[in-house]
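# Fold and contact review
Here is what each chain is made of, one letter per residue.
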Amino acid sequence: WDNLANNIIDELVAYDLTDVNLNFEYVEYTPIEKARQYTQFVKYLNERLDEKFGDSTLVVSTFADSIVKDRVTDIEGLSKAADLLFIMAYDFHRPTSDTAGPVAPIGGKGVHAEYDIETMIRDYRSFTPPNKIILGVPYYGYNWVVERNEEYAKRISGSETRGYSQSQTYEYIMETIIKVKPEIKWDELAKSPYFTYISPETRSFRSVYFDNAQSLKIKYDMINDLDLAGVGIWALGYDGGYEELWNLLDQEF
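The text that follows walks through the structure, step by step, so that each part is easy to find. Remember, it's a predicted structure, so these values are computed and weren't measured experimentally.

Turning our eyes to something else, we now look at helix H2 (residues 32-53). For an α-helix, 3.6 residues make a turn, and residues three or four places apart therefore share a direction. The terminal C-alpha atoms of H2, which comprises 22 residues, lie 31 Å apart, in line with the 32 Å expected from a rise of 1.5 Å per residue. Considered for burial, the residues of H2 that qualify are Ala35, Tyr38, Thr39, Phe41, Val42, Leu45, Asn46, Arg48, Leu49 and Phe53. Tucked into the core, H2 has its buried residues touching helix H1 (2-14), strand S1 (19-22), strand S2 (57-63) and helix H3 (75-81).

Below you can see the structure in the form of structure tokens.
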């Protein structure tokens, strides 16, 4: 712990910084004993940072489903050990999911998803005060190869001829919209835009779920209404030269 903490502090001093975001994404399920060891390290590092810098801030990135699954991020412990929690509130559907679906659904638990953001925030707030919660939002979406042109279409395996399911930045998705001119539909339960189209290159059906200014505004309003600490973004720059997401941040915050 000493060596790792010293390395982090040395890096901060070298770049004249005082704040740290720990983002340890061990995606396998974790025994609670291991999760508590990670929490102990967070507490130790936070104390070392405060000793060195006085007003440092330690943010820990956490999984959206940490309260309902055995993750390395134990929310009850981390809410006391860290200054802020950055909830990675995305990847509710992934390129490997059985069906296409919203990346960061507001609702839909038990219908089209195992979990949703409304439930997640309620669960987190049972352990963490709202002013320690940063809601992470995606500046990306997923583009699936699917069986047919429909909502929550079944994913099919990718190939060289039909293409593959993949992650795409907001900028790339907007360029696809300009190119193929699909009908942008709205998933009312998830509060998420999506569209389907036939790929001009492979002629396969593809389905894209993503977040845009309309869906992000709903999340930002939730942050303000619940007095959360703020918004985090994965990742700034994924919007390219499009200004609407920056304009929304200016409008909401």
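A few words now on the sheet that holds strand S4 (residues 133-138). The strands making up a sheet associate through hydrogen bonds between their backbones, and the pairing can be parallel or antiparallel. One open sheet accounts for five strands, arranged S1-S2-S3-S4-S10; its pairing is parallel. Lying at the two open borders of the sheet, with one neighbouring strand each, are S1 and strand S10 (230-234). Averaged over all pairs of adjacent strands, the angle between their axes in this sheet comes to 25°, without regard to strand direction. Sheet analysis places S4 next to S10, joined by five bridges and oriented parallel. Each residue of the ladder has a partner; that of Val137, found in S10, is Ile233. Contacts from helix H4 (residues 117-125) reach S2, strand S3 (84-88) and S4 within the one sheet, and its direction differs from that of S4 by about 160°. Packed on one face of the sheet, helix H6 (residues 213-225) meets S4 and S10 and runs near 180° to S4.

Quick look at unusual backbone geometry now. Residue Ala235 is reached from Trp234 by a cis peptide bond, and omega for that bond is -5°. Mapping Ala235 onto the fold places it in the loop between S10 and helix H7 (244-252). Of note in this structure, Tyr152 is not a glycine but carries a positive phi near 50°. Here Tyr152 shows up in the loop between strand S5 (140-145) and strand S6 (166-169). A residue is classified by how much of its surface remains accessible, and Tyr152, at 12% relative accessible area, is buried. Unlike most non-glycine residues, Asp227 shows phi in positive territory, near 55°. Looking at where Asp227 falls in the secondary structure, it is placed in the loop between H6 and S10. According to the relative accessible area criterion, Asp227 is exposed, its value standing at 55%.

What counts, and where the lines are drawn
- Numbers given to residues run from 1 along each chain, matching the order in which its sequence is written.
- The predicted nature of this model means local features are confined to residues of pLDDT at least 70 and side-chain atom pairs, given and counted, to a pLDDT of 80 or more, with totals for whole chains, interfaces and linings taken over all residues.
- Derived side-chain values reflect all non-hydrogen atoms in the structure, with water molecules and hydrogen atoms excluded from consideration.
- Put simply, DSSP marks the helices as runs of H or I at least four residues long and the strands as runs of E at least two long, and each gets a number from the N terminus on.
- The span you would expect from a helix comes to 1.5 Å times its residue count less one.
- Partly exposed describes any residue whose relative accessible area lies between the buried limit of under 20% and the exposed limit of over 50%, with all areas from a 1.4 Å probe on protein chains only and scaled to the type maximum.
- In what follows, residue pairs with any heavy atoms lying within 4.5 Å of each other are defined as contacts.
- When DSSP locates at least two bridges between a pair of strands, those strands are taken to pair.
- Only the contacting stretch of a helix is used when fitting its axis, a line to C-alpha atoms as for every element, and angles between N-to-C directions run 0 to 180 degrees.

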